Amino acid sequence: MVVNEPDLAVPWTRTIETKWALEKLHDVPGTIVLREYPGAAAKHYPVPDSAGRNKALQAAYEAKLAACTRNPLVAAGRLATYSYINMDQAVRQGLDTAHRIARTA
Ligand SMILES: Cc1cc2nc3c(=O)[nH]c(=O)nc-3n(C[C@H](O)[C@H](O)[C@H](O)COP(=O)(O)OP(=O)(O)OC[C@H]3O[C@@H](n4cnc5c(N)ncnc54)[C@H](O)[C@@H]3O)c2cc1C
């Protein structure tokens, strides 16, 4: 389903054909092949620099936000925690967060 192509001669990072995730390939009448190109203007990946500056910035933003609200601030997900996580981990964090909030409500 995913072919990683970390090669300077190849302008994309990886090729994805989602239909290979399905059990019954013969039920799929068509397909879409995607290529991911690095360098988009929007930054999607957290950058953990060795000095920890970016993580510290995230913690500072979180503290600032927490000071602005009377309600508890709950950070979950890639953006809010500035962490490199996949979808399953993002969903897990969302569910755990909802359980935590429900328990304290
Ligand atoms: C190119 C790429 C490929 C990926 N491939 C995979 C993969 O193959 N498998 C996998 O498991 N995971 C993959 N991921 C990771 C997966 O997409 C993330 O883990 C997941 O989307 C994180 O979900 P999230 O809800 O934490 O954050 P996001 O999905 O980033 O959601 C954050 C939301 O907040 C919104 N937002 C931003 N700023 C503000 C603001 N100021 N006010 C209000 N809203 C705001 C954004 O618009 C966005 O909708 C990939 C990610 C990228 C970028």
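Residues numbered from 1 in each chain as written. Predicted model: local features only at pLDDT ≥ 70, side-chain atom pairs only at ≥ 80, totals over all residues.

**Points about the site of the ligand**
Turning to step 1, where the next piece is worked out: The environment of the ligand is formed by E36, H44, G77, R78, L79, I85, N86, M87, D88 and A90.
Turning to step 2, where the next piece is worked out: The dominant element in the shell around the ligand, judged by the number of residues it contributes, is helix α3 (residues 87-104), at 3 residues.
Turning to step 3, where the next piece is worked out: Across the shell around the ligand, the residue classes tally to 4 nonpolar, 3 polar and 3 charged. (Near = placed C-beta within 6 Å. Helix = DSSP H or I, 4+ residues; strand = E, 2+ residues; numbered from the N terminus. Nonpolar A, V, L, I, M, F, W, Y, C, P; charged D, E, K, R; others polar.)

**Quick look at the environment of L22**
Turning to step 1, where the next piece is worked out: Relative to the elements of secondary structure, L22 occurs in the loop between β2 (14-17) and β3 (33-36).
Turning to step 2, where the next piece is worked out: Judged by local crowding, L22 falls into the exposed class, with 11 C-beta atoms found within 10 Å.
Turning to step 3, where the next piece is worked out: The sequence separation of L22 and M1 amounts to 21 residues, and the corresponding C-alpha distance is 9.7 Å. (Buried ≥ 20, exposed ≤ 12 C-beta atoms within 10 Å, placed from the backbone.)

**Regarding the domain arrangement of the protein chain**
Turning to step 1, where the next piece is worked out: Domain annotation for the protein chain reports domain 1 (2-36) and domain 2 (53-104).
Turning to step 2, where the next piece is worked out: Of note, the centres of domain 1 and domain 2, computed from C-alpha atoms alone, are 31 Å apart. (Domains from an automatic or database assignment.)

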